[in-house]
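An overview of the molecular structure
Residue-level listing of the chains:
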Amino acid sequence: MVGTEEKYLKISALNEYIKVMFDENSFLHKIYLKGEISNFKNHTRGHLYFTLKDETSRISAVMFYNKALSLKFKPEDGMNVLVEGRISCYPAQGTYQIYVDSMEMDGLGNLYIEYEKLKKKLASEGLFDASFKKPIPKYPKRIGIITASTGAAIRDILSTIKRRYPICETILFPSLVQGASAAPEIVRQIRRANEYDLDVIICGRGGGSIEDLWAFNEEIVARAIFESKIPIISAVGHEVDFTIADFVADLRAPTPTGAAEMAVPMKYDIEDLLKEKKSRLNALIKNNLKTKIERVKSLRTSFVLKNPMSLYELKEQKLDTLIELLNKGMQKKISDNEMKLNTIKNNMVLKRPLASFEIKKNNLENYQVKINEYIKRHLEKKEHETTLLVNTLKLVNPLNILDKGYSLVAKENKIIKDSNDLEIEDKINIKLKKGEIIAVVKEKKEWKI
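In this report, the structure presented in the accompanying data block is examined. Note that this is a predicted model, so its numbers are computed, not measured.

Quick look at the overall build of the protein chain now. Within the protein chain one finds 14 helices and 14 strands. Since a compact globule built from 449 residues should have a radius of gyration of about 22 Å, the 59 Å found for the protein chain marks it as more spread out than a globular shape. The principal-axis extents of the C-alpha atoms in the protein chain amount to approximately 180 × 120 × 45 Å. In the protein chain, buried positions account for 29% of the 449 residues. In the protein chain, the proportion of contacts linking residues at least 24 apart, taken out of those at least 6 apart, comes to 61%. Working note: accessible area of the protein chain is about 32200 Å², and carbon and sulfur atoms make up 57% of it. The average position of the 74 basic charges and that of the 61 acidic charges among the side chains of the protein chain differ by 11 Å.

A separate point is the packing of aromatic side chains. This structure, assessed with the given rule, holds seven aromatic pairs. A ring pair is formed by Phe 22 and Tyr 96, whose centres lie 5.8 Å apart and whose planes are at 20°; its orientation type is stacked. Linking Phe 22 in helix 2 (residues 11-24) with Tyr 96 in strand 5 (residues 95-108), this pair joins segments that are 74 residues apart in sequence. The exposure class assigned to Tyr 96 is partly exposed, which follows from its relative accessible area of 46%. With a centroid separation of 5.4 Å and an interplanar angle of 35°, the aromatic rings of Phe 128 and Phe 247 are classed as tilted. Placement of the pair is Phe 128 in the loop between helix 4 (110-124) and strand 6 (142-147) and Phe 247 in helix 8 (residues 244-248), with a sequence separation of 119 residues. In textbook terms, an aromatic cluster arises when at least three aromatic residues are bridged by ring pairs, as seen for Phe 128, Phe 242 and Phe 247. Above the face of the Phe 242 ring, Arg 252 is positioned so that its terminal group lies 3.8 Å from the ring centre.

Basis of the calculations
- Note that residues are indexed from 1 along each chain, following the sequence as it is written.
- With the structure being a predicted model, the display of local features is reserved for residues of pLDDT at least 70 and the display and counting of side-chain atom pairs for 80 or more, all residues being used for whole-chain, interface and lining totals.
- Side-chain numbers come from the whole structure's heavy atoms, not from hydrogens or water.
- Numbering of helices and strands runs from the N terminus; a helix is a DSSP stretch of H or I covering at least four residues, while a strand is a stretch of E covering at least two.
- Put simply, the radius of gyration uses C-alpha atoms, and a globule should come to 2.2 Å times the residue count raised to 0.38.
- Think of it in three bands: with a 1.4 Å probe and only protein chains considered, a residue is buried below 20% of the maximum accessible area for its type, exposed above 50%, and partly exposed in between.
- Note on definitions: a residue-residue contact is assigned when non-hydrogen atoms from the two residues lie within 4.5 Å.
- All accessible areas in this document rest on Shrake-Rupley with a 1.4 Å probe, and a residue is counted as covered only by the protein chains that are shown.
- The charged-residue count follows a simple rule in which Lys and Arg add positive charge and Asp and Glu add negative charge, with His and chain termini not counted at all.
- To locate a charge, take atom NZ for lysine, CZ for arginine, CG for aspartate or CD for glutamate.
- Any Phe, Tyr or Trp ring, taking Trp's six-membered ring, that has another such ring centre within 6.5 Å forms a pair; planes under 30 degrees apart are called stacked, those over 60 apart edge-to-face, and the others tilted.
- Here, a charge over a ring is recorded when the distance from Lys NZ or Arg CZ to the ring centre is within 6 Å and its angle to the ring normal is within 35 degrees.

Here it is, written out as structure tokens:
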């Protein structure tokens, strides 16, 4: 029996043996692969874990922290890369994988390119703007859930809501969440849910690769979420997964369970709040009753209640005082108006209505006399100034010398002062005191003074 047991190997021993076979194969020591990154995970210790795939196959890959330090880019799902490394077995799980020594980009995968292109387009249109985000009700009565009818996501959401806020009603709008038909189905269910009286909608699914989550990166889904009149909480994948739906939704949850926690309050918190409100209300009622009771006691012992007529007497006395003040005021008003009337009656205008006219007439006549005197003095002054100017003009007038027998000689309207300015046979004009002579030069002589 003992000998029979010895022929059975432990699983760890078999996996160690397979690992040795991989490690001793020189061909597997340096392998060059190209493929697309999927299921990428960046460990907290800096190690990178992902799947490298092509059209038909895939292989697990790991790149340790000391190797990842040399990367010149940030790996993401959907990237096409070129890797260099060695193939070996991971004994703990009995799987083989490539241990990556170096990695460089081989262009972005088609899905990643489409994702970034659509993200940029919708962002430019404002679909991600916070101003369009609708508030999530604090105490919802009815929640719509758009996800697959089976799977962990719906179970997590329902169990979380039931545990936290059991009075809330939930309505499931079952939908495909993966594959070519998923996006139109999600859109249809969002529009259908908007026909119900819901407070909030949870839309999402569990984690997966970028291909698995792609329905939530479709433009028609993004626009349906944006157009929803009911606030939507996006719950797609795990915490590290981001889809277009997350950016458009009114609130993004890291997981389906997280979405349920964001959608409803914790019943224990509500119970504590109600207890606190109840305690404060009871204290307020007690204080109010105490105040009222003290007020009643005060009124019972008050002088007014014991002597009700005293209140009437006070009012009567106050009324007498007011009547007296009113009478005094009326008398003063009448007296003031009588004084004004007497003043008007004694006014000179009323006694002699023409007196004011006569005064103004006399003033006008005085003004007229003064104006005539001023005009006369001004004219005499201007006449004197004119005479002086005329005499001055006469003195400087060149034609006055003609009165003494002189004459003016001109040629072509130019006064001649020198005989050299004329030539023999020149025609000249000789202006006398009376008349003008036209002559011709026959001879010139010098005249020396």
